[in-house]
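Descriptive analysis of the structure
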Amino acid sequence: MSYAILGTGALGGYYGACLQRSGLDVHFLLRSDCDRVRTHGLVIESPDDDFTLPQVNAYNDTAKMPQCDVVVVALKTTQNHLLPKLLPPVVKDDGVVLVLQNGLGIEAEVARIVGNNRVMGGLCFLCANKVGAGHILHLDYKEITLGEYTPNYLAGGISARMRQIAADFEGAGIPIKLAEDLLLARWKKLVWNIPYNGLSVILDATTNELMADNSACNLVEDLMREVVLGAQSQERHIADKFLVQMLDHTVKMKPYRTSMKLDYDQKRPLELEAIFGNPLQVARNAGVDLPKIATLYQQLKFLDAKNRQANF
Ligand SMILES: NC(=O)C1=CN([C@@H]2O[C@H](COP(=O)(O)OP(=O)(O)OC[C@H]3O[C@@H](n4cnc5c(N)ncnc54)[C@H](OP(=O)(O)O)[C@@H]3O)[C@@H](O)[C@H]2O)C=CC1
Ligand SMILES: CC(C)(CO)C(=O)C(=O)O
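Being a predicted model, the structure only gives us computed values, none of them experimental.

With respect to the state of the cysteines
Enumeration according to the criterion identifies zero disulfides in this entry. Here Cys34 is not disulfide-linked; the sulfur of Cys68 is the nearest cysteine sulfur, at 15 Å. For the unlinked cysteine Cys127, the closest cysteine sulfur is that of Cys124, found at 11 Å. By relative accessible area, which is 3% here, Cys127 ends up buried.

Put into structure tokens, the structure is as follows:
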């Protein structure tokens, strides 16, 4: 299958480069780095092994890209207002859009653009940063959980095309899990993203600093429990042992500045609606308030606005 990568930053650059290295036909959409990457290619630094792709198919416009079987959305969700223009030229009629972004409800937005049958979601447990033009630093982890999108997020089961995409990624060295229920998988990812992304900004802390402090750790757990309530409001159940696993995982993780903290430090817009606003809204629509998450969201909105004003 052919792959289009929309947004060749940390996540798109890393996975796209792995796919190309494994021999697949990959096409990269870039913004500021396009000229540089067209002439010098992509550089990946990774604890697994460093590699360079001296030549890649680089574009600055999806209208110039070939139509692809799998179109990976790897922009920040703050750029998703561009998707109605970016997606239609690049997805084959029988192709699929694979949303690899963090957050909730994005597949439904994409389905409104390309149709209900052409959307899949993926949750990436990856720690990677873009450190220069066409230069990606992969720090830790890389597993992706794939799930089919269906209208209203009913459990979509395991499809043949999920298996095909999984085989391509696995062939490129990326471990894949297949989820029968994308919505459950998305809420499970929020168990990590809501506390750690939010608190890393509010408390100006790395993951290890949060885990080393009792009161911060208690707050992480309280927030995780509210995410579980949010999931319950959508009839999705997350067991306590999953929370324990996430806490454990984070203690063992290399000290990490979350993607939201990196955005904040670089005065880029924060992915607040996808990670906080949408989950709060769907829970509220089901009659469930999540007060600690709502407080975190309000504080983050303030800091995000102030941070970006200071940018001008
Ligand atoms: N990084 C990680 O380890 C993880 C990230 N995620 C999620 O993945 C998503 C992507 O994050 P991440 O890769 O870190 O973000 P990055 O900012 O590193 O990458 C996004 C890329 O999109 C490019 N871009 C933005 N607008 C356009 C446009 N109009 N046309 C072409 N390219 C554009 C940016 O270009 P430019 O360089 O010019 O700004 C940037 O390189 C987010 O939802 C994030 O939450 C999830 C798990 C882990
Ligand atoms: C869980 C983690 C660290 C990696 O996937 C992440 O999603 C983030 O930093 O936003």
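Here the narrative resumes, following the displayed structure.
Some words on the site of ligand 2
Around ligand 2, the neighbouring residues are Asn102, Cys124, Phe125, Leu126, Lys189, Trp192, Asn193, Asn197, Met253, Tyr256, Thr258 and Ser259. Within the side chain of Asn102, an N or O atom sits 3.2 Å from an oxygen atom of ligand 2. For ligand 2, an oxygen atom lies 3.0 Å from a polar atom in the side chain of Lys189. For ligand 2, whose accessible area on its own is 280 Å², the fraction buried by protein is 97%. Sorting the residues of the shell around ligand 2 by element identifies β8 (119-132) and α6 (182-202) as the ones contributing at least two each.

Here we look at the UniProt feature "domain: Ketopantoate reductase N-terminal" (unreviewed entry) in the chain
Mapped onto this numbering, the UniProt entry gives "domain: Ketopantoate reductase N-terminal" (unreviewed entry) at residues 3-149. Here residues 3-149 is 22% helix and 42% strand, with 19 Å between the C-alpha atoms at its ends.

Conventions used here
- Residues numbered from 1 in each chain as written.
- Chains lettered and ligands numbered in written order.
- Predicted model: local features only at pLDDT ≥ 70, side-chain atom pairs only at ≥ 80, totals over all residues.
- Heavy atoms only, no water.
- Disulfide = S-S within 2.5 Å.
- Buried < 20%, exposed > 50% of the residue type's maximum accessible area, 1.4 Å probe, protein only.
- Near = heavy atom within 4 Å.
- Polar contact = N/O pair within 3.5 Å; in protein donor to acceptor, adjacent residues only side chain to side chain.
- Areas by Shrake-Rupley, 256 points an atom, 1.4 Å probe, with all protein chains shown as cover.
- Helix = DSSP H or I, 4+ residues; strand = E, 2+ residues; numbered from the N terminus.
- UniProt positions renumbered as here; feature names shortened; annotations may be inferred.

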